[in-house]
Amino acid sequence: MLGPRPTVAGPAEPDDAPLTAPGATRAMEAVLERVLEARLRQARDTDAVFTHDMAERVAAFVRRGGKRLRTAFVWCGWRAAGGSGDPDAVLRTGVALELLQACALIHDDVMDGSPLRRGGPAMHVDFAHGHRAGRTNGRANGTAEAFGTSAAVLAGDLALAWADDLLTETALASPYGPRLYEEWRAMRTEMVAGQYRDLRAQAGGSSGAEEALTIAVLKSARYTVARPLALGASLAGADARTLGALRAAGRCAGLAFQLRDDLLGAFGDPALTGKPADEDLRSRKLTPMLAVAVRLAEAGGDQDAAAALAPDADALPGHTVERMRAALERTGARAEMESRIADLAAAGLRRFEATGAAPAVQREFAALVERASGVAPQHARELV
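Residues numbered from 1 in each chain as written. Predicted model: local features only at pLDDT ≥ 70, side-chain atom pairs only at ≥ 80, totals over all residues. Heavy atoms only, no water.

### Considering the packing of helix H1 (residues 21–46) against helix H6 (residues 144–172)
Two numbers describe how H1 lies on H6: the axes approach to 12 Å, and their chain directions differ by 115°. As H1 runs across H6, the sense of the crossing is right-handed. Contacts between H1 and H6 involve Val-35, Leu-36 and Arg-39 on the former and, on the latter, Trp-162, Asp-165, Leu-166 and Glu-169. (Axes fitted to C-alpha atoms, helices over the stretch in contact; angles between N-to-C directions. Helix = DSSP H or I, 4+ residues; strand = E, 2+ residues; numbered from the N terminus. Left-handed = near helix turned anticlockwise from the far one by under 90°. Contact = heavy atoms within 4.5 Å.)

### With respect to the packing of aromatic side chains
Counted by the stated rule, this structure contains 4 aromatic pairs. Summarising the aromatic geometry, the rings of Trp-75 and Trp-78 are spaced 5.0 Å apart at their centres and angled 50° between planes, so their arrangement reads as tilted. With Trp-75 and Trp-78 both in helix H3 (residues 69–80) and 3 residues apart, the pair spans about one turn of that helix. Take Trp-75 and Trp-78: they sit in the same class, and that class is buried. With a centroid separation of 4.1 Å and 5° between ring planes, the pair formed by Phe-352 and Phe-365 is classed as stacked. (Phe/Tyr/Trp six-rings, centres within 6.5 Å; stacked < 30°, edge-to-face > 60°. Buried < 20%, exposed > 50% of the residue type's maximum accessible area, 1.4 Å probe, protein only.)

### Quick look at helix H2 (residues 48–63)
Along H2, the sharpest kink reaches roughly 30°, centred on Ala-55. Of the positions making up H2, those classed as buried are Thr-51, Met-54, Ala-55, Val-58, Ala-59, Phe-61 and Val-62. Of the residues that open H2, the one with a side-chain oxygen 3.2 Å from the backbone nitrogen of Val-49 is Asp-47. Just beyond H2, the residue with positive phi is Gly-65, at close to 95°. (Bend = angle between axes of the 7 residues up to and from the residue. Polar contact = N/O pair within 3.5 Å; in protein donor to acceptor, adjacent residues only side chain to side chain.)

Rendered as structure tokens:
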């Protein structure tokens, strides 16, 4: 066990009161730092070059942050299921999720060829830069790109190993360990399945709405919200009814999050998102928004929009990302996504309410859904 609740910056909370979701996220950061330091000590005992080149890069990447939403959703799931007392297992589960997210992002950037992540070079790009620097000193053979790709795959594997080790340690120390591990195991498999379906859809130039939805559910909705809620609830010994309500709430809120992410991927500001704004469009990533736009273009006879969004559009004269954005706007796909996000966010709150969670926990969940989806659900007004 990690001992007493860590001391963290931020507003003080009474010692006898449970942490809020923001407080739990801050506390998780302190636990994360201790876990990373422990992993780096183990790495130094293994090999100095490996530690300097890889383990420290992975630790720095995790420290660069992100939304930390998954930890907050773990906390909400735990509290909704009646969790109280020592938050150690919840915080450690949050850390494991952050490490797993690092693995997912590093590997995702390799597969997508993304140059930026979290406001800095993607892991494979950073390794490639190091390789080029070594080559100028006569120390490097082969291409920088090949080295960067291979090293980043290993870096993602290392983050996954750290995540699995921590979750296993947490499960072994918990009376609800088997249930926690079952949720974790299912989540990892869903994450890989969603990533593969994404790759397969891009390779085949798919525009199917059903396939787009399947990818969004597997790759994001369950992984970002539904499973974290269930992981937290498992640590509180939740019954089947509560778990069912949390999974339903998480699927809705998670889809709202993914649809917002798709919009940011097409129209967002790189200074705010930390990644290129045109990446998803250039690669013609299959998203629900793209599938809707293709359907609306075909139904409305908008041949220009259909051509701009077609799988072979990049081979056509005059193809630009701007044409794709204009097609998403003109067909009404962007507006439809905004409407769906609002509906899904509101549905997520209604399903979360079915858990019977205390009003304070419901308000915290509503605030998280607003952060994830970018909209204040209509139902949230009743919770103020």
